[in-house]
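Topology and contacts: notes
Spelled out, the chains give:
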Amino acid sequence: MNIEIAEYLRLDDRFPHILCPGCGIGSAMNAMVRAISESSMNKNEICVVSGIGCSSRVPGYIDCDTFHTLHGRAIPSATGIKLARPEMEVIVIAGDGDLLAIGGNHFIHAARRNLDLTVILINNFNYGMTGGQFSPTTPQGKRGTTAPYGSVERDFNVCEMAKVAGAVFVARSTTYHTPHLKGLIKQAMKKKGFAVIEVVSQCPTLYGRLNRMGDAIKMLEYYRDNSITVTQVKEPKDAEGKIVIGVLWETEAPEYSEVYKKVIDIAQKK
Amino acid sequence: MNQRSELLSGNEATALAAIKGGVRFFGGYPITPSTEIAEIMALELPKLGGVFIQMEDEIASICAIIGASAAGMKSMTATSGPGFSLMQEGIGYAIMTEVPTVIVNVQRGGPATGLPTKVAQGDVMAARWGTHGDHPAVVLSPWSVLESFTLTVKAIEISERLRMPIILLSDEIVGHMREVVSLPDSVSVYERKKPTKSPDEYLHYADDTNYDSPIASFGEGYRIHISGLTHRKDGFPTNDPKTIAWKMDRLRNKIDQNRDWLHYSEQFDLDAETIIISYGSSARTSLEAKYEYEKKSGKKIGFLRLITLWPFHYKKLTELLKNAKRVVVVEMNQGQMIREISRAVPRGIDVTGVNRVDGELITPEEVLAAL
Ligand SMILES: Cc1ncc(C[n+]2csc(CCOP(=O)(O)OP(=O)(O)O)c2C)c(N)n1
């Protein structure tokens, strides 16, 4: 095991992990831990917060303060921590169902507030933990165990939504592009404000199998062959049918705690 | 201790108590009849460098106050019926993870949107059993403005000591009525114990005779894991039946072993044959009825006001009611506390309810009619 990342893992008794063979969540976790390690952050000043789901099991393996909250509630729980301890780096990591279905409202409002959180959304296109039901990111027509004839619903474009809701940093990568993903996570952690990274990830056991996408390798090859970097997109049609990766949106906006600090100054008549 | 008199509402007294008791984080969502508490917190907390945040709903509110408390800040929220329902999963999470916090529920008529501006006491069982699974609950019920203050301080103290969410179950009348009170300038509250052990030796759920073992917070170098999954002493999830039983016993014993000091009640003339039992604003009517009855008949009537609704102290109640021939339970619901009281009195004792659920306060005449 790579020494730098070993320091950030609870190696003594939390492994082996619970993820299925070929699952992409481990790759996302690896990228996150490397990003933390390369940012030379003090691990006592990091809190990793999740909801419920396979993706949300990540914090249990990380040797920082970790908070495994309720399904959908990672962001409001992280909000309390960040406001109570603004000096901490608070990272939210959870699945598409967690952050976009049951927790969708919290996601929108946290983006609007622009609190300094880093949100890593592992999008495996289904509810993994409960057995492959369709989620808000399941493409219309694709199968889930509760969409045996193909999903009736249209899917979300998380990154677009994050942008219009007020996020100041929005990026996408895949579990095939882990060094790229690591770089994005580093950027997101540095960014002051609400930063979102969508990680397109394979669930070969459920979503992949239900939609005949082959094994994990096949799914990763698909991400390799169908991704296009944001700089390669010259006109909208270049992006059609592709996974656009890279920093999709970045802007500057007043961060919640900083604005609140001004409220404190006014209240204290400084 | 300096004291000065002021005219305050119950909600105002609750907010001031929270601030004096060290609450520095409030997350909430507006709802009648609790909103004044949020408004005061929004005004006062920044003056002290504290945090007020209006969340997008009550689910977010309870999660934010749990997060803030886990990060070491005393926290609180205030709500009413519909918001209290939304908070139930979060309350269970705080119970399971043993995070101290205070939830104020200023009761209004229910179910659903019910009666936003009218009084009720219909959340007694929701406060006890609202969240799923076997679990302990501590619920305190104030009957006056002064008690809104003292019980809020008490709730903070119990939450920090027993590491759990405490519910202050007020009601629309207590929350909105104004009384002249003189509040202390400062209060002394129990501070949560901090670990002295090294992070390597520290266990987040260490066995302790009183269940008040030290708590490390996020950001203190202990690198703790907090999870709502049933967990071991170190906080990590388990499926081991013995460890599961240990955790469930721990949650139950926390209350069972502290039941005596958690019981607060006020009582007079319990040697009388008939005893009125009530709590919250309907206890005010009940006391009035007792005095009127005595004036008219010259006979004594007993009066017992429950301040701690949960845990219900059956043994204590049995003892307090040992001379009773007849018990009259006055409450603004269809009969919630009366069931617990019936279980505490000997068989053959007549237990009658005086109830009202039309949004109006029970009158002394209605109580008198039952005596
Ligand atoms: C309130 C509530 N509803 C439902 C569940 C059941 N549940 C557990 S995980 C999950 C979905 C997980 O899907 P996602 O968030 O996409 O994460 P993944 O497992 O795919 O990583 C659901 C519905 C729950 N734990 N809590």
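Below or above, wherever it landed, is the structure these notes cover. (Residues numbered from 1 in each chain as written. Chains lettered and ligands numbered in written order. Predicted model: local features only at pLDDT ≥ 70, side-chain atom pairs only at ≥ 80, totals over all residues. Heavy atoms only, no water.)

Okay, the overall build of chain A next. Counting its secondary structure elements, chain A contains 10 helices and 10 strands. For 270 residues, the compact-globule estimate of 2.2 N^0.38 gives 18 Å, and chain A sits close to it at 18 Å. Considering only C-alpha atoms, chain A reaches an extent of 65 × 45 × 35 Å along its principal axes. Residue burial in chain A is summarised as follows: out of 270 residues, 57% are buried. Partitioning the contacts of chain A with sequence separation of at least 6, the portion at a separation of at least 24 is 67%. In chain A, the 31 positive side-chain charges and the 28 negative ones have mean positions that sit 3 Å from each other. (Helix = DSSP H or I, 4+ residues; strand = E, 2+ residues; numbered from the N terminus. Rg over C-alpha atoms; globule rule 2.2 N^0.38 Å. Buried < 20%, exposed > 50% of the residue type's maximum accessible area, 1.4 Å probe, protein only. Contact = heavy atoms within 4.5 Å. Lys, Arg positive; Asp, Glu negative; His and termini not counted. Charge placed at Lys NZ, Arg CZ, Asp CG, Glu CD.)

Attention now moves to the packing of aromatic side chains. Scanning all chains against the criterion turns up 13 aromatic pairs over all chains. Summarising the aromatic geometry, the rings of Tyr-256 of chain A and Tyr-260 of chain A are spaced 6.3 Å apart at their centres and angled 5° between planes, so their arrangement reads as stacked. Residue Tyr-256 of chain A and its partner Tyr-260 of chain A are both found in helix α10 (residues 256-267); the two are separated by four residues, about one turn of the helix. Neither Tyr-256 of chain A nor Tyr-260 of chain A differs from the other in exposure class; each is buried. Between Trp-310 of chain B and Phe-312 of chain B the ring centres are 6.4 Å apart and the planes differ by 55°, which places this aromatic pair in the tilted class. The burial state of Trp-310 of chain B is the same as that of Phe-312 of chain B; both residues are buried. Members of the aromatic cluster, connected to one another through ring pairs, are Phe-67 of chain A together with Tyr-93 and Phe-218 of chain B. Above the plane of the ring of Trp-261 of chain B lies Arg-161 of chain B, whose end atom (NZ or CZ) is 4.5 Å from the centre. Seen from the ring of Tyr-205 of chain B, Lys-247 of chain B lies directly overhead, with NZ or CZ sitting 4.1 Å from the centre. (Phe/Tyr/Trp six-rings, centres within 6.5 Å; stacked < 30°, edge-to-face > 60°. Lys NZ or Arg CZ within 6 Å of the ring centre and 35° of its normal.)

Once that is clear, we can look at unusual backbone geometry. Cis geometry marks the peptide bond from Gly-110 of chain B to Pro-111 of chain B, where omega comes out at 0°. For Pro-111 of chain B, the location among the structural elements is in the loop between β5 (101-107) and α6 (124-129). Backbone geometry at Asn-114 of chain A places phi at a positive 60°, although glycine is not the residue there. As for its position among the elements, Asn-114 of chain A is in the loop between α5 (104-113) and β4 (118-123). Asn-114 of chain A sits in the buried class, given a relative accessible area of 2%. Non-glycine residue Arg-223 of chain B carries a positive phi angle of around 45°. Tracing the chain through its elements places Arg-223 of chain B in the loop between β8 (178-184) and β9 (225-227).

Here the focus is the interface of chain A and chain B. Tallying the contact residues gives 37 residues for chain A and 44 residues for chain B. Regarding the contact of chain A and chain B, the summed buried area is about 3300 Å², with carbon and sulfur atoms giving 58% of it. Arg-113 of chain A is paired through a salt bridge with Glu-56 of chain B; the nearest N and O atoms lie 2.6 Å apart. In this assembly, chain A and chain B are joined by 23 residue pairs in polar contact (both at pLDDT 80 or more). (Buried area = accessible area lost by both parts, 1.4 Å probe. Salt bridge = Lys/Arg side-chain N within 4 Å of Asp/Glu carboxyl O. Polar contact = N/O pair within 3.5 Å; in protein donor to acceptor, adjacent residues only side chain to side chain.)

With respect to spatial proximity, 17 residues lie near the ligand, and among them Cys-54, Ser-55, Gly-97, Asp-98 and Gly-128 of chain A are the closest. Around the ligand, the nearby residues trace back to chains A and B. Take Asp-96 of chain A: an N or O atom from its main chain is 3.4 Å from an oxygen atom of the ligand. Gly-128 of chain A is positioned such that a nitrogen or oxygen atom in its backbone is 2.7 Å from an oxygen atom of the ligand. Protein contacts shield 76% of the accessible area of the ligand, which totals 590 Å² for the unbound molecule. Sorting the residues of the shell around the ligand by element identifies α4 (96-102) and β5 (126-127) of chain A as the ones contributing at least two each. In terms of residues, the shell around the ligand owes the most to one element, α4 of chain A, which gives four residues. In the shell around the ligand, the residues fall into five nonpolar, nine polar and three charged. (Near = heavy atom within 4 Å. Areas by Shrake-Rupley, 256 points an atom, 1.4 Å probe, with all protein chains shown as cover. Nonpolar A, V, L, I, M, F, W, Y, C, P; charged D, E, K, R; others polar.)

For the rest of this paragraph, the subject is the side chain of Asn-105 of chain B. All names here are of chain B. Tracing the backbone through its elements, the reader meets Asn-105 in strand β5. When its relative accessible area of 0% is taken as the criterion, Asn-105 is described as buried. Not counting chain neighbours up to four residues away, the residues in contact with Asn-105 comprise Thr-79, Ser-80, Gly-81, Phe-84, Asp-123, Leu-168, Leu-169 and Ser-170.

In this section: the pattern of salt bridges. Counted by the stated rule, this structure contains 41 salt bridges over all chains. Across the pair Arg-305 of chain B and Glu-266 of chain B runs a salt bridge, and its minimum N-O distance is 2.9 Å. Here the residue Arg-305 of chain B occupies a position in strand β12 (residues 302-306), and Glu-266 of chain B occupies one in strand β10 (residues 265-268), the gap between them amounting to 39 residues. Arg-305 of chain B sits in the buried class, given a relative accessible area of 2%. Put simply, Arg-10, Lys-43 and Asp-63 of chain A together with Arg-223 of chain B are held in one network by salt bridges that share partners.

Judged by nonpolar contacts, the single largest core of 123 residues is most densely connected at Phe-67 and Phe-107 of chain A together with Met-41, Phe-218, Leu-306 and Ile-341 of chain B. It is helix α3 (residues 58-70) of chain B that provides the largest number of residues to this core, a total of eight residues. Leave out the neighbours within four places in its chain, and Met-41 of chain B touches Ala-15, Ala-18, Ile-19, Val-23, Phe-26, Pro-46, Phe-52 and Met-76 of chain B. Formed by 33 residues, the second largest nonpolar core is a distinct cluster that contains Leu-9, Ala-35, Val-58 and Ile-62 of chain A. (Core = buried A, V, L, I, M, F, W, Y, C linked by side-chain atoms within 4.5 Å.)

Bringing the packing of helix α1 (residues 10-20) of chain B against helix α2 (residues 35-44) of chain B into the picture now. Two packed helices can be described by the angle between their axes and the distance between those axes. All names here are of chain B. Contact geometry of α1 with α2 gives a least axis separation of 8 Å together with a crossing angle of 40°. The angle between α1 and α2 places the two elements in the oblique class. Where α1 crosses over α2, the handedness of that crossing is right-handed. Residue-level inspection shows Asn-11, Glu-12, Thr-14, Ala-15, Ala-18 and Ile-19 of α1 in contact with α2, the latter providing Glu-36, Ile-37, Ile-40, Met-41 and Glu-44. Of the residues assigned to the contact of α1 with α2, the class counts are six nonpolar, two polar and three charged. (Axes fitted to C-alpha atoms, helices over the stretch in contact; angles between N-to-C directions. Parallel < 35°, antiparallel > 145°, perpendicular 65-115°, else oblique. Left-handed = near helix turned anticlockwise from the far one by under 90°.)

With that settled, the discussion passes to the environment of Ser-173 of chain A. Residue and element names in this part refer to chain A. When you line up the elements, Ser-173 lands in strand β7 (residues 169-174). The spacing of Ser-173 and Gln-140 is 33 residues in sequence and 21 Å in space, taken between C-alpha atoms. Ser-173 has contacts with His-180, Leu-181, Leu-184, Glu-198, Val-199, Val-200 and Ile-245, leaving out every residue within four places of it along the chain. Of the polar contacts made by the side chain of Ser-173, one reaches the side chain of His-180; its length is 2.8 Å.

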